[in-house]
Amino acid sequence: MIGLISATAAGARARERVAAAWPDRTRVYDGPVGDAVRRAFAECEQMVCFLATGAVVRLVAPLLEGKASDPGIVCVDEGGRFAVPLVGGHGGGANELAHAVGELLGAQPVVTTATDAVGLPGLDTLGFPVEGDVATVTRALLDGEPVALEAEVPWPLPPLPVTPTGPYTIRVSDRLVEPAAHEVVLRPPSLVIGVGASKGAPVDEVLGNIEDALRDAGLSAKSVAELATVEAKADEPGLLEAAARLGVPLVTYSAEELAAVDVPNPSDAPLTAVGTPSVAEAAALVRGGELLVPKRKSAGQPGQPAMATCAVVRRPSRGRLAVVGLGPGARDLLTPRAKDELRRASVLVGLDQYVDQIRDLLRPGTRILESGLGAEEERARTAVAEARLGHAVALIGSGDAGVYAMASPALAEASDDIDVVGVPGVTAALAAGAILGAPLGHDHVSISLSDLHTPWEVIERRVRAAAEADIVVTFYNPRSRGRDWQLPKALAILGEHREPTTPVGVVRNASRPDESSRLTALAELDPATVDMMTVVTVGNTATREISGRMVTPRGYRWQEEPR
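Keep in mind that what you see is a predicted model, and the values were worked out from it rather than measured.

**Student:** What is the right way to look at the sheet that holds strand S28 (residues 549-551) in this model?
**Tutor:** Pairing within the open sheet is mixed, and its three strands lie in the order S21-S28-S27. Strands with a single pairing partner mark the edges of an open sheet, and in this sheet they are strand S21 (437-438) and strand S27 (544-546). Here S21 runs beside S28; their pairing, made up of two bridges, is parallel. The residue of S28 that forms the bridge with Ala 438 is Val 551.

Rendered as structure tokens:
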């Protein structure tokens, strides 16, 4: 819950805007400001104070206990111009809250956390439990000191400016090790614990068996990602409570799924009870991995048989491939999600000219693998290979990555051993359409005239189908020095079914500084004025020019009435 506190009418107006936008996330605290701040501090995970920072400092100073427990606090001036994370920038989420409040109110986030200021991810914000000397190692990163990364468990991380060796260390490990001096240990969610239980098994017995298994194997409970069991035990209170205490989900599988898993220690007892010869081992292994602790029975109560079993598996790390569309070129048409993925990736793969567009958005330590025109398949193979090594990879393309771009070759290479995320982008057709007016207001199709990958016979058949169906057509890759006859041919095919006066929009470098556009007619377009940086949109029989804009009606009745 986010507590909202204000002292003046101006502050209350901004406060009410936030409360109205986030009704389920916020609680307004009225009354004397000091009392309101103290109540919100005790009851909320985060606070937004529409007060001067000095006033908030004085009010919360006696309440502060430590960065691990204090709420994240953001101050917003009464004019709504600035959102300042005051306390809990990382641990309390105040930095993210400042950005969210800033977007809502049109305020400028003022983030002073050192790592955020220079574009480094905070070691305590990577989503992993973290142990050790975070402050010292973070300072070493900020100062450019050599910091070594030792990944005992390969896991996709955001970019970090690390070196092979150094006096400071970031260790990625699920082992039960104490951080050394000048070392930070990140705990990846690499362990899956399969659990079985008799009906009514006490939670202390279930949990004690798990804790003993982890301790004896030298594994950290902080790296446990989930408990897994058979569907028949989905409502077993002891398992549910054990998962809740560990802070992980309880995942279930059907008896048929578990029975198909090859395990070292099958048993007749679970086969009779729930229909599979193994619960703990099979549930841990069903998604693959290395069996670190075979089936282990609990100690049980004095004079009673064991009521719980467990097995521990280290699941294979899965690399992450984000296929990112950069949009048509303008920075303000690059989506926030795309920016987030670019900053998350430790490896960036892309065409050199596209890399140049977003190089300033990358975090320090990002490894860039760029190449020139004509190497699309090689870039796709490289991106997938890097993801298979356990890295967080971004593969970039212009427009939308799924439209004549990198998503198709990448997904043709990728298998189910990596996670793939698609990040949509604004296409050239959409950018050009917005410049021209509303040419895509009804059914429309995009066709590439490049026959480098598609035989011209196929392209021509598609153009004829669009012409006969009276569909608006946007031509990508319309003309180059080596391909100068395809566009005239395509326009001639359309001309067999449309009037010479059919509106045609021509946009070059849509959304870029040297953008140009013009509206002409089908019979008047000179193909020689078109190049590879241009998209050509040809209207259908209903498309018209209205006040200098290209508009394709949707068929509404008012559009048919005489004007």
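**Student:** I would appreciate a short explanation of the nonpolar core in the present structure.
**Tutor:** One recurring pattern in soluble globular proteins is that nonpolar side chains are buried together. In terms of nonpolar packing, the biggest core is built from 23 residues, with Ile 193, Val 195, Ile 210, Leu 214 and Leu 227 touching the most fellow members. Counting only elements with at least two residues in this core, the list comes to strand S11 (191-197), helix H7 (203-216), strand S12 (224-230), helix H8 (237-246) and strand S15 (308-314). In terms of residue count, H7 provides more of this core than any other element does, six residues in total. Not counting residues within four places of it along the chain, the set of residues in contact with Ile 210 comprises Ile 193, Val 195, Leu 227, Leu 246 and Cys 310. If you look at the next biggest cluster of nonpolar residues, it comprises 21 residues, including Leu 491, Leu 494, Leu 525 and Val 536.

**Student:** I'm lost on helix H6 (residues 134-142) in this one. Help?
**Tutor:** Structural remark: α-helix, 3.6 residues per turn; residues separated by three or four positions point the same way. Listing the buried residues of H6 in full gives Val 137, Thr 138, Ala 140 and Leu 141. Considered in projection along H6, the buried side chains sweep an arc of 155° and stay on one side of the axis. One or two residues past the end of H6 sits Gly 144, with phi positive at roughly 75°.

**Student:** Help me out: how do you make sense of unusual backbone geometry in this one?
**Tutor:** Among all residues save glycine, negative phi is the norm, and among peptide bonds the norm is trans. In this structure, Tyr 404 takes a positive phi of about 50° despite not being glycine. Tracing the backbone shows Tyr 404 in the loop between strand S19 (392-397) and helix H15 (407-413). Classification of Tyr 404 by relative accessible area gives partly exposed; the value is 42%. With phi around 60°, Asp 470 is a residue other than glycine that occupies positive phi space. Looking at where Asp 470 falls in the secondary structure, it is placed in the loop between helix H17 (456-468) and strand S23 (472-476).

**Student:** Looking at this structure, I do not really get the pairing of strand S13 (residues 250-253). What am I missing?
**Tutor:** Side chains on a regular strand alternate between the two faces of the sheet. In terms of strand pairing, S12 meets S13 through four bridges, oriented parallel. Paired with Ala 228 across the bridge in S13 is Val 251. Regarding the hand of the β-α-β motif, the stretch spanning S12, H8 and S13 is right-handed.

**Student:** Can you help me understand the sheet that holds strand S25 (residues 516-521) in this one?
**Tutor:** Either a parallel or an antiparallel arrangement is found when strands of a sheet pair, and the pairing is made through backbone hydrogen bonds. Strand order across the open sheet formed by five strands is S22-S23-S26-S24-S25, with mixed pairing between neighbours. Of all the strands in the sheet, the pair left with one neighbour each is strand S22 (444-448) and S25. Taken pair by pair, the neighbouring strands of this sheet meet at an average axis angle of 20°, ignoring direction. Pairing geometry for strand S24 (residues 503-508) and strand S26 (residues 534-538), over five bridges, is antiparallel. When the sheet's bridge partners are listed, Val 506 is paired in S26 with Val 536. Each of S22, S23, S24, S25 and S26 touches helix H16 (residues 428-436); the most contacted strand, S24, lies at about 115° to it. Those strands touched by helix H18 (residues 486-495) are S23 and S26, and its axis lies near 175° from that of S23.

**Student:** Just checking my understanding: could you explain the pattern of salt bridges for this structure?
**Tutor:** Side chains carrying opposite charge are able to pair once their charged atoms draw close together. Enumeration according to the criterion identifies 32 salt bridges in this entry. Between Arg 171 and Glu 150 there is a salt bridge, and its shortest N-O distance comes to 3.0 Å. Of this pair, Arg 171 sits in strand S9 (residues 168-172) while Glu 150 is found in strand S8 (residues 147-151), placing the two residues 21 residues apart along the sequence. Taking the relative accessible area as the measure of exposure, Arg 171 reaches 17% and is therefore buried. For the salt bridge of Glu 152 with Arg 171, the shortest nitrogen-to-oxygen distance reads 2.9 Å. Linking Glu 152 in the loop between S8 and S9 with Arg 171 in strand S9, this pair joins segments that are 19 residues apart in sequence. Through salt bridges that share partners, Glu 150, Glu 152, Arg 171, Arg 175 and Glu 183 make up one connected network.

**Student:** When you look at the environment of Asp 30 in this model, what are you seeing that I'm missing?
**Tutor:** Within the secondary structure layout, Asp 30 lies in the loop between strand S2 (26-28) and helix H2 (33-43). In this structure, Asp 30 is in contact with Arg 15, Ala 36 and Arg 39, ignoring residues within four places of it in sequence. Reaching out from Asp 30, the side chain makes a polar contact with the side chain of Arg 15 at a distance of 3.3 Å.

**Student:** Would you take a moment to explain the side chain of Ser 254 for this structure?
**Tutor:** In this structure, Ser 254 sits in the loop between S13 and helix H9 (255-259). Ignoring any residue separated from it by four or fewer positions in sequence, one finds Ser 254 in contact with Val 230 and Glu 231.

**Student:** I keep staring at H18 and nothing clicks. Help me out?
**Tutor:** Those residues of H18 not exposed but buried are Gln 486, Leu 487, Ala 490, Leu 491, Ile 493 and Leu 494. Down the axis of H18, the buried side of the element spans an arc of 155°, and every buried residue falls inside it. On its buried side, H18 packs onto H17, S23 and S26.

**Student:** Whenever I open this one, the side chain of Thr 537 confuses me. Can you help?
**Tutor:** Positionally, Thr 537 belongs in strand S26. Taking relative accessible area as the criterion, Thr 537 reaches 1% and is therefore assigned buried. Within the structure, Thr 537 has its side chain in polar contact with the side chain of Thr 474 (distance 3.2 Å). When sequence neighbours within four positions are dropped, the list of residues in contact with Thr 537 reads Leu 436, Pro 439, Leu 440, Val 472, Val 473, Thr 474, Pro 503, Val 504, Gly 505 and Met 550.

**Student:** Please clarify how the packing of aromatic side chains should be interpreted in this entry.
**Tutor:** Aromatic ring pairs are described here by two measures, namely the spacing of the ring centres and the angle between the planes. Applying the stated criterion across every chain yields a total of two aromatic pairs. Pairing Tyr 404 with Tyr 476 gives two aromatic rings, centres 4.8 Å apart and planes at 55°, and the pair type is tilted. Residue Tyr 404 is located in the loop between S19 and H15, and its partner Tyr 476 is located in strand S23; the two are separated by 72 residues in the primary sequence. Given a relative accessible area of 10%, Tyr 476 falls into the buried group. Considering the side-chain rings of Trp 456 and Trp 485, the 5.0 Å spacing of their centres and the 70° angle between planes classify their relative orientation as edge-to-face. Of this pair, Trp 456 sits in helix H17 while Trp 485 sits in the loop between S23 and H18, and the two are 29 residues apart along the sequence. Given a relative accessible area of 10%, Trp 456 falls into the buried group. Using a relative accessible area of 43% as the deciding quantity, one classes Trp 485 as partly exposed. Lying across the ring of Trp 22, Arg 25 places its NZ or CZ 4.3 Å from the centre.

Cut-offs applied
- Residues numbered from 1 in each chain as written.
- Predicted model: local features only at pLDDT ≥ 70, side-chain atom pairs only at ≥ 80, totals over all residues.
- Heavy atoms only, no water.
- Pairing = 2+ DSSP bridges.
- Helix = DSSP H or I, 4+ residues; strand = E, 2+ residues; numbered from the N terminus.
- Core = buried A, V, L, I, M, F, W, Y, C linked by side-chain atoms within 4.5 Å.
- Buried < 20%, exposed > 50% of the residue type's maximum accessible area, 1.4 Å probe, protein only.
- Contact = heavy atoms within 4.5 Å.
- Arc of directions from axis to C-beta.
- Right-handed = clockwise from strand over helix to strand, strands pointing away.
- Axes fitted to C-alpha atoms, helices over the stretch in contact; angles between N-to-C directions.
- Salt bridge = Lys/Arg side-chain N within 4 Å of Asp/Glu carboxyl O.
- Polar contact = N/O pair within 3.5 Å; in protein donor to acceptor, adjacent residues only side chain to side chain.
- Phe/Tyr/Trp six-rings, centres within 6.5 Å; stacked < 30°, edge-to-face > 60°.
- Lys NZ or Arg CZ within 6 Å of the ring centre and 35° of its normal.

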